[in-house]
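Coordinate analysis (summary)
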Amino acid sequence: MPRYALKIEYHGAPFVGWQRQNAQTSVQGQIEAALAKLESGPHTIAAAGRTDAGVHAWGQVAHCDLSKDWDPFKLSGALNYHLKPDPISIVACVWVDDDWHARFSAVERRYEFRLLMRRAPATHDAGLVWQVPRLLDVEAMQMGAHHLIGHHDFTTFRSSICQALSPVKTLDELTVRQIDGRSGPEVRFTVRARSFLHNQVRSFVGTLECVGSGAWAPDDVRTALEAKERQACGTVSPPHGLYLAEVRYPEDVFANAE
């Protein structure tokens, strides 16, 4: 059975998250339903990451196995046709080896988080950013972020329902910068690691917002990390500013995608 890798973009607002759930609309469920219109199912696709309800993606990756030997360009077009009107798009599709796995072959995941600093309600970016009505101290936020980079026990920054076997992870990058967004000044967070704990990125962002607003000092982030207690975490940010931006593999399987 030929295996295909899919690069997927979606707006997370209408969905309960990536993972298929009974009687609820999920990204995985909608793509599997589209596949069933092309070949009789059932179909089960595997993804690089299970994003939560309301979280978006620019570069989610999944793989599927099909009976027919589809041309990847035609397969992506057919899937996009059957995914309408859901805000899900297959932006690239390629053949991959039978042992290639969207989750287990990945070597890095990159998330981006958008925080809009303005008082007036967002219109064009509503549901796509976390909005706060004040300017934040971005330099202080970056100072706080430095305490999180590296190999740590991240118990403080994972959900109480996280199913990971260990809270120990290696964080490769946590960059905080201000940019001129289309709706006003944004704080943009870039977070990279091989893998993440449940709610880890949103816990980072919410805690660093406490620093930017002056409620915390930058060194308080280190204190929270060393506490290894969920209660020591700052505010957890809402999901709608978070994007799964990119998944990296030892080789760029989408390099020659049409």
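Residues numbered from 1 in each chain as written. Predicted model: local features only at pLDDT ≥ 70, side-chain atom pairs only at ≥ 80, totals over all residues. Heavy atoms only, no water.

The first and last C-alpha atoms of helix α4 (residues 200–212) sit 18 Å apart over 13 residues, in line with the 18 Å expected at 1.5 Å per residue. Within α4, 13 of the 13 residues are buried, which leaves the element mostly enclosed by the surrounding structure. Immediately downstream of α4, the backbone of Gly214 shows phi near 95 degrees, a positive value. (Helix = DSSP H or I, 4+ residues; strand = E, 2+ residues; numbered from the N terminus. Expected span 1.5 Å × (residues − 1). Buried < 20%, exposed > 50% of the residue type's maximum accessible area, 1.4 Å probe, protein only.)

Extensive coverage of helix α1 (residues 27–36) is indicated by the burial of 7 of its 10 residues. All of the buried residues along α1 are Val27, Gln28, Gly29, Ile31, Glu32, Ala34 and Leu35. Taken together, the buried residues of α1 touch β1 (3–10), β3 (56–65), α2 (72–83) and β4 (88–96). The N-cap residue of α1 is Ser26: its side-chain oxygen and the backbone nitrogen of Gly29 are 2.9 Å apart. (Contact = heavy atoms within 4.5 Å. Polar contact = N/O pair within 3.5 Å; in protein donor to acceptor, adjacent residues only side chain to side chain.)

The next thing to look at is the environment of Ser166. Along the polypeptide, Ser166 turns up in the loop between β7 (150–153) and β8 (168–181). C-alpha of Ser166 to C-alpha of Gln200: the two residues are 34 residues apart in sequence and 13 Å apart in space. With near-sequence residues (within four places) excluded, Ser166 lies in contact with Arg158 and Leu197. Polar side-chain contacts of Ser166 include one of 3.1 Å to the backbone nitrogen of Val168.

What the largest pocket holds in volume is close to 1300 Å³. Along the walls of the largest pocket sit 40 residues, with Gly49, Arg50, Arg103, Phe196 and His198 positioned nearest its centre. Looking at the lining of the largest pocket, the elements with two or more residues in it are β2 (46–47), β5 (108–117), β8 and α4. For the lining of the largest pocket, the element with the most residues is α4, which contributes 3 residues. Classifying every residue of the lining of the largest pocket by side-chain character gives 20 nonpolar, 13 polar and 7 charged. Lining the second largest pocket are 13 residues, and of these Lys7, Glu246, Val247, Arg248 and Asp252 lie nearest its centre. For the lining of the second largest pocket, the secondary-structure elements that each account for two or more residues are β3 and β10 (242–248). The element that contributes the greatest number of residues to the lining of the second largest pocket is β10, accounting for 4 residues. Here the residues of the lining of the second largest pocket are counted per class, giving 7 nonpolar, 1 polar and 5 charged. (1 Å grid on protein atoms, 1.4 Å probe; cavity = no way out; pocket = protein on both sides within 12 Å on 5 of 7 lines; lining within 4 Å. Points joined across faces, edges and corners; volume = space filled by probe spheres on them. Nonpolar A, V, L, I, M, F, W, Y, C, P; charged D, E, K, R; others polar.)

Before going further, it helps to spend a moment on the packing of aromatic side chains. Considering all chains together, one arrives at 9 aromatic pairs under this definition. On the basis of an interplanar angle of 35 degrees and a centroid distance of 6.3 Å, the ring pair of Tyr4 and Trp95 is categorised as tilted. Of this pair, Tyr4 sits in strand β1 while Trp95 sits in strand β4, and the two are 91 residues apart along the sequence. Through a chain of ring-to-ring contacts, the aromatic side chains of Phe113, Trp130 and Phe189 assemble into a single cluster. One residue, Lys68, lies across the ring of Trp70, its end atom 4.2 Å from the ring centre. (Phe/Tyr/Trp six-rings, centres within 6.5 Å; stacked < 30°, edge-to-face > 60°. Lys NZ or Arg CZ within 6 Å of the ring centre and 35° of its normal.)

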